[in-house]
Amino acid sequence: MVFNASIRYVADKLFVDAVDVSAIVRETGTPTYVYSLGRARDNIRRLQSAFARLEARIHFSVKSNGSLALLRALKDEGVGFDCVSAGEIRLALEAGATGDDIVFAGVGKTRDEIAYAVTQGIGWFNVENALELRYIDEAAADAGLDAISVALRLNPQIEAKTHPHLATGHGAAKFGLTADVIGELLANQAAYPRLDFAGIHMHIGSQLGDSAATLAAVDSLLALIRPWRHITTINIGGGLPVAYRWDETLPALEDLVDALAPRLCGYGVLFEPGRAIVADAGILVAEILYVKRQAGQVFYIVDASMAELLRPALYDAYHEVAPLQTTDGEMTTAQVVGPVCETADVLARDRRLPMLQEGDKLALLTAGAYGMAMASNYNARPRPAEVVVDGGAWRVSRRRETLEDLIQYET
Ligand SMILES: *Cc1c(COP(=O)(O)O)cnc(C)c1O
């Protein structure tokens, strides 16, 4: 079985590129995230070539995966970074980005974060508040800088077809500014002498299944900026969907680009994919601690949980479950659950899986985006190790946290 070019079975063993995953976790233990740099690079190149006609620049959404090893590999592919906090800017700089490579977005930037971003020479501020413009202008004055590029974020009041927690562009969402407010701010832009209102931004949600909402939002954005000829950069956000199931097919990227190309012709285009680059490059490997048969059900109780992979509990997200070793033996319907004291701590529900034993290992697939990035220490669980695979080589890029790590901040 082949999940993608990098994550697949070779004979009956799960491999990430040329590496047998069992060999990795024999050394690292579990739970462990494993990322294929090759797959992340392939995804970047696929997006770069599909969007080449738009001459679009990719800013990778750091919130989807902040692993430095991964960010460095993406930087080498020529991508910039979309950051939503000072911490993410710090990570991007550490990965070798310069301020120019970074877009700073976020609905609630603090004044300290704004000052930090201004002094780091951040390329673009995606702005979601009128007061934020004042803060950026003042931070620029303090730093003796001007011509700071800002892109107002439009809330197009359009409902994207996705999980309600992933929709950000409807009228009730906290994100962005409505068209009338943007119109007023643009009419009043001289009030912010150190800012250059050269761009416009939108991001209507994640895991967008069809392009209709995106195109409608782009059209309202174009109508809004038509009177303002100095707005020459359009940031269309992220949200490109990912296949989370073995048999899932996605809408062709080329169709989206075909529809966008005539609309965006003549503009500089930025976009900010996160999951489309890293989701299917990552897996989370866990070990079965106990097999419990109870009330007609089979529970595989594993050593990963909602603390390491929150998406199933948070969004009802679906992750395929792949045993590291397949067998021809008997199948069963199982619940893959973690040790955390929450009923929501179910990683996979009602899955047809082989009869597995205590000590067997399995992988949750498509876990490279919003996996480790959302991991917490809930139930005082040390966060897992991260491993990067590059062709036939692998290394631990972030060590597993220890019990000592859990108390180090206490005073
Ligand atoms: C989260 C986010 C992204 C990335 O979304 P993906 O679904 O991972 O592509 C891009 N832009 C903004 C503003 C975001 O909040």
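The rules behind these values
Residues numbered from 1 in each chain as written. Predicted model: local features only at pLDDT ≥ 70, side-chain atom pairs only at ≥ 80, totals over all residues. Heavy atoms only, no water. Helix = DSSP H or I, 4+ residues; strand = E, 2+ residues; numbered from the N terminus. Rg over C-alpha atoms; globule rule 2.2 N^0.38 Å. Buried < 20%, exposed > 50% of the residue type's maximum accessible area, 1.4 Å probe, protein only. Contact = heavy atoms within 4.5 Å. Areas by Shrake-Rupley, 256 points an atom, 1.4 Å probe, with all protein chains shown as cover. Domains from an automatic or database assignment. Salt bridge = Lys/Arg side-chain N within 4 Å of Asp/Glu carboxyl O. Polar contact = N/O pair within 3.5 Å; in protein donor to acceptor, adjacent residues only side chain to side chain. Near = heavy atom within 4 Å. Nonpolar A, V, L, I, M, F, W, Y, C, P; charged D, E, K, R; others polar. Axes fitted to C-alpha atoms, helices over the stretch in contact; angles between N-to-C directions. Left-handed = near helix turned anticlockwise from the far one by under 90°. Phe/Tyr/Trp six-rings, centres within 6.5 Å; stacked < 30°, edge-to-face > 60°. Lys NZ or Arg CZ within 6 Å of the ring centre and 35° of its normal. Lys, Arg positive; Asp, Glu negative; His and termini not counted.

Undergrad: Describe the overall build of the protein chain, listing the residues and the values that go with them.
TA: Along the protein chain, the regular secondary structure elements total 12 helices and 20 strands. Over its C-alpha atoms the protein chain spans a radius of gyration of 22 Å, differing by no more than 12% from the 22 Å that the globule rule assigns to 411 residues. Residues classed as buried in the protein chain amount to 55% of the 411 residues present. Residue pairs in contact within the protein chain that sit at least 24 positions apart in sequence constitute 70% of those at least 6 positions apart. Only carbon and sulfur atoms are counted for the fraction: they give 50% of the accessible area of the protein chain, which is about 17300 Å².

Undergrad: Tell me what's going on with the domain arrangement of the protein chain, and back it up with residues and numbers.
TA: Interfaces are frequently sized by the accessible area removed from exposure as the parts join. What the domain assignment lists for the protein chain is domain 1 (7–36 + 279–407) and domain 2 (37–274). A C-alpha centroid distance of 32 Å is found between domain 1 and domain 2. Tallying the contact residues gives 25 residues for domain 1 and 21 residues for domain 2. Linking domain 1 with domain 2 are 2 salt bridges. Among the salt bridges present, the one from Asp390 reaches Arg41, with a minimum N-O distance of 3.0 Å. Scanning the region where domain 1 abuts domain 2 turns up 11 residue pairs in polar contact (both at pLDDT 80 or more).

Undergrad: Residues and numbers for the site of the ligand, please.
TA: Near the ligand you find 14 residues, and of these Lys63, Ser206, Gly239, Glu272 and Tyr370 are the closest. In the environment of the ligand, an oxygen atom lies 2.8 Å from a nitrogen or oxygen atom belonging to the backbone of Gly239. One of the side-chain nitrogen or oxygen atoms of Tyr370 is found 2.6 Å away from an oxygen atom of the ligand. Compared with its free state, where it exposes 390 Å², the ligand has 94% of that area covered by protein. Tallied by class, residues from the shell around the ligand come to 2 nonpolar, 7 polar and 5 charged.

Undergrad: For the packing of helix α2 (residues 37–50) against helix α9 (residues 253–264), give the residues involved together with the corresponding values.
TA: At a closest axis distance of 10 Å, the pairing of α2 and α9 adopts a crossing angle of 35°. The interaxial crossing formed by α2 with α9 has right-handed handedness. Across the interface between the two elements, Arg46, Leu47 and Ala50 of α2 pack against Leu253, Glu254 and Val257 of α9. Tallied by class, the residues present in the contact of α2 with α9 amount to 4 nonpolar, no polar and 2 charged.

Undergrad: Before we move on, can you summarise the packing of aromatic side chains with the specific residues and values?
TA: Enumeration over the complete set of coordinates arrives at 5 aromatic pairs. The ring of Tyr318 has Arg245 lying over it, and the distance from NZ or CZ to the ring centre is 3.7 Å.

Undergrad: Which residues make up the side chain of Arg351, and what are the values?
TA: Considering the arrangement of structural elements, one finds Arg351 in strand β17 (residues 346–354). Although Arg351 lies buried, it forms no salt bridge, and the closest oppositely charged side chain, Glu320, sits 4.5 Å away as judged by the N-O distance. A polar contact is formed between the side chain of Arg351 and the backbone oxygen of Arg349, at a distance of 3.2 Å. Those residues in contact with Arg351, other than ones at most four positions away along the chain, are Tyr318, His319, Glu320, Val321, Thr332, Thr333 and Ala334.

Undergrad: Give a description of the side chain of Gln207 that names residues and reports values.
TA: Within the secondary structure layout, Gln207 lies in the loop between β10 (195–201) and α8 (212–225). At 2.8 Å, the side chain of Gln207 and the backbone oxygen of Val242 are in polar contact. For Gln207, the contacting residues outside a window of four places in its chain are Lys161, Thr162, Leu166, Gly239, Leu240, Pro241, Val242, Tyr244, Glu248 and Arg275.

Undergrad: Report on the pattern of salt bridges, specifying residues and quantitative values.
TA: Scanning all chains against the criterion turns up 17 salt bridges. Between Arg111 and Glu138 there is a salt bridge, and its shortest N-O distance comes to 2.5 Å. Highlighted residues: Arg111 in helix α5 (residues 111–119) and Glu138 in helix α6 (residues 130–143), separated in sequence by 27 residues. Taking relative accessible area as the criterion, Arg111 reaches 44% and is therefore assigned partly exposed. The class of Glu138 is partly exposed, set by a relative accessible area of 33%.

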